[in-house]
Amino acid sequence: MNPSNNAAHDLVGFIRDKIPLARAMDLELLAHNDELLILGAPLAPNVNDKGCAFGGSLVSLMTLCGWGLVELALRKQGHDCDVFVGESTVRYLQPVWADFRAEARLAEDADWAGFFATLQARGRARIEVSCHVPGTDGLPAATLTARFVAKRRD
């Protein structure tokens, strides 16, 4: 296992330890590289009254996935920052009837170099992340566009 995957496993353990909702959702790491983070969750603890995935679970998994992508990039570069979601927009496009996953990548116009240069200069930076939950037909079941803020700890 490469060090990047070890860092991702450690981060998922941290999330499950520190965020009770993530533990209750049974969040797990499915895949990670420098460009992508994929987290999964089983349907059973995330089901709604209709038998499909609860919208709050979908948005929570996407938010945690986006946050985790930013957190992993910061840790890899040796930055000690608080990361939080500054704003987000979610769309629910189709119901999810089975175990699900969220995939997070940088938004098309975002880049790590600019993010890290701003963080170095100002001690604070923002970056936009795109997340989605794949649907059964190859189209997204839900999407989240979020701007995450990293602030260097004093």
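Heads up: the structure comes first, above all this text.
Residues numbered from 1 in each chain as written. Predicted model: local features only at pLDDT ≥ 70, side-chain atom pairs only at ≥ 80, totals over all residues. Heavy atoms only, no water.

Asker: Lay out the nonpolar core in plain terms, naming residues and giving numbers.
Answerer: The biggest cluster of nonpolar side chains holds 48 residues, and the ones touching the most others in it are L39, V70, L74, W112, F115 and V133. Top contributing element to this core by residue count: helix α3 (residues 55-76), with eleven residues. Residues within four places of W112 in sequence aside, it is in contact with D34, L69, V70, A73, L106 and I127. (Core = buried A, V, L, I, M, F, W, Y, C linked by side-chain atoms within 4.5 Å. Buried < 20%, exposed > 50% of the residue type's maximum accessible area, 1.4 Å probe, protein only. Helix = DSSP H or I, 4+ residues; strand = E, 2+ residues; numbered from the N terminus. Contact = heavy atoms within 4.5 Å.)

Asker: Let's hear about the packing of aromatic side chains: which residues, and what values?
Answerer: The tally for this structure, following the rule as stated, stands at three aromatic pairs. Between W112 and F115 the ring centres are 5.7 Å apart and the planes differ by 70°, which places this aromatic pair in the edge-to-face class. Here the residue W112 and the residue F115 both occupy positions in helix α4 (residues 112-122), the gap between them amounting to three residues, near one helical turn. For W112, a relative accessible area of 15% corresponds to the buried category. Here the basic side chain of R75 rests over the ring of F14, its NZ or CZ set 5.6 Å away from the ring centre. (Phe/Tyr/Trp six-rings, centres within 6.5 Å; stacked < 30°, edge-to-face > 60°. Lys NZ or Arg CZ within 6 Å of the ring centre and 35° of its normal.)

Asker: I'd like to hear about α4, residue by residue, with values.
Answerer: Buried within α4 are the following residues: W112, F115, F116 and L119. Looking down the long axis of α4, one finds its buried residues gathered within 90° of arc, a one-sided arrangement. Residues A113, A121 and R122 are exposed on α4 and point more than 90 degrees away from its buried face. For α4, the elements touching its buried residues are α3, β3 (81-92), β4 (100-106), β5 (124-134) and β6 (140-152). Structurally, the start of α4 carries an N-cap: the backbone nitrogen of A113 is 3.2 Å from a side-chain oxygen of D111. Looking one or two residues beyond α4, the residue adopting positive phi is G123, at roughly 80°. (Arc of directions from axis to C-beta. Polar contact = N/O pair within 3.5 Å; in protein donor to acceptor, adjacent residues only side chain to side chain.)

Asker: Kindly report on unusual backbone geometry, identifying the contributing residues and their values.
Answerer: In this structure, D26 takes a positive phi of about 65° despite not being glycine. With respect to the element layout, D26 can be found in the loop between α2 (20-25) and β1 (28-33). Classification of D26 as partly exposed rests on a relative accessible area of 36%.

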